[in-house]
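Listed here are the chains, written in short residue letters.
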Amino acid sequence: PTVPSSMAADANGPVADAVPDVAPAAPPPPKYASGPDMGLGMGRAMLAMQLFEKGKSMYAQCEADPNPEEAYERTHRIMADECLKLAQSHGGIYNKAAQFVASLQGGAGDKGIPKAYIEALKVVTDKAPFKPFSDMDECFREEFGGKSAKEVFASIEETPIAAASLAQVHRAVTKDGRHVAVKMQYPWLKHHLASDFAVFTMFGQQIKPGGFDLSWLVRDFQVSLTAELDFEGEAANAERCARDLAHRPDVLVPNVIKEFSSKRVMTTEYVPDMTRVDDREGLIKAGYDPKRVGAALASVFSEMVFVHGHVHGDPHAGNVYVRPRKPLPRAKS
């Protein structure tokens, strides 16, 4: 199971419950269909296949180059930029794949995934192309009985503070003065995913490299990704993780604000002053020792694996941050 989509190295006090300003109601009819569109899925897949063939051709020419090492590096940079453009234009499952590649630098290093791909694709972990607030508000209206986020909150910033493969996040203030982060799912996401998986399933049934049936892999990926679309499940996982790690002063799992959360909208407390865990220069500039940060992360994830058996399933750098730890209260003498 996956635990929170955001986790920072600190601990925070509980947020007092407030009287709900709004409760989820029957949503209006969705603008986008949730079923598959084979034409849409096939068109997206063909663009990806064209890029694959282009890369295959370019890499085949590298060995014949007078300086193959420079040729490979040049091709890495060109293809990494092309892959980023494809992920940004397609979004959804393609963005998710780019996030996965950008998170593979550990262990295998540049020999596993060329650095050019890591550097280019890490953008999609939290800085995917922003979508207009009016588009995102469609999702909010569908989840909260036709009410706009601007009606529900005292204020909400139209420019998002983060955007990734499934949703983007906007900072807001509740009517009782709490600063929150509102994560809203892209309203067209279900339609695009259904279309993409319909095509991948067809390909998986027809294309069997070496005689191996890979359709099970498509099914497993579809089940896993579909589960990520349920923000109520993510909220429940976040709350369990917060309980599991409540004894640690070096961990903060942002509190979920249930009255502003649903299956496609998740609202948590807003956590300021965060630094990406993979931003070594940023960590040093903020006064952190990267080795101590790494040790803390290793300790936290080891505890999740070996003690609780409930593990953050998507710990890329857009989901794990570091922030200043609040001083512990002094014991009375």
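Here the residue numbering is sequential within each chain, running from 1 through the sequence in written order. Where totals are concerned, whole chains, interfaces and linings use all residues; where local detail is concerned, this predicted model gives features only for residues with pLDDT of at least 70, and gives and counts side-chain atom pairs only at 80 or more. Excluding hydrogens and water, the side-chain figures rest on all heavy atoms present in the structure.

The subject of this paragraph is helix 1 (residues 38–62). Only DSSP runs of H or I with at least four residues qualify as helices, and only runs of E with at least two residues qualify as strands; both kinds are numbered from the N terminus onward. One fewer than the residue count of a helix, multiplied by 1.5 Å, yields its expected span. Taking 1.5 Å as the rise per residue, helix 1 with 25 residues should run 36 Å; its terminal C-alpha atoms sit 36 Å apart, in good agreement. Taken together, the buried residues of helix 1 touch helix 2 (68–90), helix 3 (92–102) and helix 7 (189–206). A 3.5 Å cut-off defines polar contacts: any pair of N or O atoms within that distance qualifies, except that in protein one atom must be a possible hydrogen donor and the other a possible acceptor, and neighbouring residues in sequence count only when both atoms are side-chain atoms. Its side-chain oxygen 3.0 Å from the backbone nitrogen of Gly-39, Asp-37 forms the N-cap of helix 1. Should any heavy atoms of two residues lie within 4.5 Å, those residues are counted as being in contact.

The subject of this paragraph is the pairing of strand 6 (residues 265–269). Most of strand 6 is tucked away: five of the five residues are buried. DSSP-based pairing: two strands are paired if at least 2 bridges between them are found. With five bridges joining them, strand 5 (residues 179–185) and strand 6 adopt antiparallel strand pairing. Across the sheet, residue Ala-181 finds its bridge partner in strand 6, namely Thr-268. To sort residues, take the accessible area from a 1.4 Å probe on protein chains only and compare it with the maximum for the residue type: under 20% means buried, over 50% means exposed, and anything in between is partly exposed.

Between helix 1 and helix 2, the least distance of the axes is 9 Å, while the angle of their chain directions is 175°. As the angle between them shows, helix 1 and helix 2 are arranged roughly antiparallel. Across from Arg-44, Leu-47, Ala-48, Leu-51, Lys-54, Gly-55, Met-58, Tyr-59 and Cys-62 in helix 1, the residues of helix 2 making contact are Pro-68, Ala-71, Tyr-72, Thr-75, His-76, Ile-78, Met-79, Glu-82, Cys-83, Leu-86 and His-90. Every axis corresponds to a line fitted to the C-alpha atoms, with the helix fit spanning only the stretch in contact, and the corresponding angles, defined between N-to-C directions, vary from 0 to 180 degrees. For classification, angles of less than 35 degrees are called roughly parallel, those exceeding 145 degrees roughly antiparallel, those between 65 and 115 degrees roughly perpendicular, and all remaining angles oblique.

In this fold, Leu-189 is placed in helix 7. Taking the C-alpha atoms as reference, Leu-189 lies 8.8 Å from Ala-167; in sequence the two are 22 residues apart. Each residue touching Leu-189, except ones within four places of it in the same chain, is listed here: Gly-92, Ser-165, Leu-166 and Leu-229.

For Phe, Tyr and Trp, where Trp contributes only its six-membered ring, two rings pair if their centres lie within 6.5 Å, and the inter-plane angle classes them as stacked under 30 degrees, edge-to-face over 60, or tilted in between. This structure, assessed with the given rule, holds eight aromatic pairs. Geometrically, the ring pair formed by Phe-140 and Phe-153 is tilted, given 5.9 Å between the ring centres and 55° between the ring planes. Highlighted residues: Phe-140 in helix 5 (residues 133–143) and Phe-153 in the loop between helix 6 (149–152) and strand 2 (155–156), separated in sequence by 13 residues. Comparing Phe-140 with Phe-153 shows no difference in burial state: the two are buried. Pairwise contacts between aromatic rings join Tyr-94, Phe-197, Phe-200 and Phe-221 into one cluster. We call a charge positioned above a ring when the Lys NZ or Arg CZ atom is no farther than 6 Å from the ring centre and deviates by at most 35 degrees from the ring normal. Positioned over the ring face of Phe-231 is Lys-183, at 4.7 Å from the centre of the ring.

In this section: the side chain of Asp-196. Within the secondary structure, Asp-196 is located in helix 7. Look at Asp-196 and you get buried, because its relative accessible area is 0%. Setting aside residues up to four positions removed in sequence, Asp-196 forms contacts with Gly-41, Arg-44, Ile-93 and Tyr-94.

Purely spatial values, then, with no claim about function.
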